[in-house]
Amino acid sequence: MELSELLLMVIEPSRMQRNIIVGHLRKMGIVAIEEFTEAAPALERMQGITPDIVISAMHLPDMTGSELVGQMRTKPELCDVTFFLISSETLYRYLEPIRQAGATVILPKPYDPERLNEALSSAVNYVAARQNDFEGTNEEFDDLWIMVVDDSSTSRKYLQRVLTSLGIHNIREAKDGAEALQILKGQRFDLIITDYNMPNIDGLELVEHIRHYTDQPSIPIVVVTSEQNDEPLHALKTAGVSAICEKPLSYVALRKLIRHLINDID
């Protein structure tokens, strides 16, 4: 699949910002771009045609970007659509809900064209894989068993979709560290992908317990988090986490990471 084959919807109330984004997309060779200033008309349009990628601002006249992607994820035909947020917002209380709601990429405003290019390239691979044009039947991952641990059902579903597009179908889900530890008592895994902030047993406690009190102490563990504080990140590294990745985790980044970890195991 090429960039020119994609259908994009850009939702941005500022005409200047919208023109900048659309102009950059057209320079990249993307032809099919539909523009909106509000979320409701875009959602209505999505009932008639499913976009490959939606690019949205955070603060829209009729709702927030978080509410927009949240509504999209409730609709079967839109739950897999790649969602980019471009926003100058930096506050955790605004960004965390949209991460949990299933944003694929979060870019700062003014955005870095190079980062947008990378995000679009990753999205092309993801879209192609979902359509079985890329490597959705990749045999190198056929026998892997992976557990996804996250208290957000939307985040779990997003990761499961990405893993499935990579050709990974042996996936178990757990809503927190406590449930993950119960599952580990009866099943072995090749990889665990876990959130950091969770109720009951969080990501740090989960890593520490697996490393010291289970019969699978060497299993690779990837923590996906929006945490920016150095102290918990250092604690995770000390506990023996295999990798720490920023939320949201892209298709290409996850594919590269799994290949690296599996090669280390071999």
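Residues numbered from 1 in each chain as written. Predicted model: local features only at pLDDT ≥ 70, side-chain atom pairs only at ≥ 80, totals over all residues. Heavy atoms only, no water.

- You'll find the chain entered in an unreviewed UniProt entry as Response regulator, with Nitrincola tibetensis given as the organism.

## Considering the nonpolar core
- With 25 residues, the main nonpolar core has I146, L163, I168, I193, V222, L254 and I258 as its most contacted residues.
- Breaking this core down by element, the ones donating at least two residues are β6 (145-149), α6 (153-165), β8 (191-195), β9 (221-225), β10 (243-246) and α10 (251-265).
- Broken down by element, the residue count for this core peaks at 6 residues, all from α10.
- In this view, I258 contacts F141, L144, I146, L163, L166, I168 and L191; residues no more than four positions away in its chain are not counted.
- Membership of the second largest hydrophobic core comes to 23 residues, among which are V54, A57, L68 and I98. (Core = buried A, V, L, I, M, F, W, Y, C linked by side-chain atoms within 4.5 Å. Buried < 20%, exposed > 50% of the residue type's maximum accessible area, 1.4 Å probe, protein only. Helix = DSSP H or I, 4+ residues; strand = E, 2+ residues; numbered from the N terminus. Contact = heavy atoms within 4.5 Å.)

## Here's the deal with the domain arrangement of the chain
- By the assigned domains, the chain splits into domain 1 (7-133) and domain 2 (146-264).
- In this structure, domain 1 and domain 2 have C-alpha centres spaced 26 Å apart.
- Contact residues are listed per partner, giving 18 residues for domain 1 and 17 residues for domain 2.
- Taking both sides of the interface into account, the surface hidden between domain 1 and domain 2 amounts to around 1,400 Å²; carbon and sulfur atoms contribute 53%.
- The three residues of domain 1 that bury the most area against domain 2 are R99, Q100 and Y126, which together make up 40% of that side's buried surface.
- Across the contact surface, domain 1 and domain 2 share 1 salt bridge.
- Between R161 and D80 there is a salt bridge, and its shortest N-O distance comes to 2.5 Å.
- Where domain 1 touches domain 2, the interface holds 2 residue pairs in polar contact (both at pLDDT 80 or more).
- Of all the secondary-structure elements, those providing two or more residues to the side of domain 1 that touches domain 2 are α4 (92-101), β5 (105-108) and α5 (113-130).
- Looking at side-chain class alone, the side of domain 1 that touches domain 2 contains 8 nonpolar, 5 polar and 5 charged residues. (Domains from an automatic or database assignment. Buried area = accessible area lost by both parts, 1.4 Å probe. Salt bridge = Lys/Arg side-chain N within 4 Å of Asp/Glu carboxyl O. Polar contact = N/O pair within 3.5 Å; in protein donor to acceptor, adjacent residues only side chain to side chain. Nonpolar A, V, L, I, M, F, W, Y, C, P; charged D, E, K, R; others polar.)

## So, the side chain of R156
- Checked against the element boundaries, R156 lands in helix α6.
- For R156, the side chain forms a polar contact with the main-chain oxygen of D150, separated by 2.6 Å.
- If sequence neighbours within four positions are ignored, R156 has contacts with V148, D150, D151, E173, A174 and K175.

## A few points about the sheet that holds β9
- The 5 strands lie next to each other as β7-β6-β8-β9-β10, forming an open sheet whose pairing is parallel. Because the sheet does not close on itself, it has two edges, and the strands there are β7 (170-174) and β10. Strand-to-strand twist in this sheet, taken as the mean axis angle between neighbours without regard to direction, amounts to 20°.
- Relative to β8, β6 runs parallel, the two sharing 4 bridges. Following the sheet pairing, I146 is matched in β8 by L191.
- Running over the sheet, α6 touches β6, β7 and β8 and is turned about 170° from β7. (Pairing = 2+ DSSP bridges. Axes fitted to C-alpha atoms, helices over the stretch in contact; angles between N-to-C directions.)

## Observations regarding the packing of helix α8 (residues 203-213) against helix α9 (residues 230-239)
- Between α8 and α9, the shortest axis-to-axis distance is 9 Å and the interhelical angle comes to 15°. In terms of their interaxial angle, α8 and α9 are classed as roughly parallel. In the packing of α8 onto α9, the handedness of the crossing is left-handed. Here G203, L204, V207, E208 and R211 of α8 lie close against α9, whose contacting residues are A235, L236 and A239. (Parallel < 35°, antiparallel > 145°, perpendicular 65-115°, else oblique. Left-handed = near helix turned anticlockwise from the far one by under 90°.)

## With respect to unusual backbone geometry
- Backbone geometry places N200, a non-glycine residue, at a positive phi of 65°.
- Its place among the elements puts N200 in the loop between β8 and α8.
- What makes N200 exposed here is its relative accessible area of 64%.

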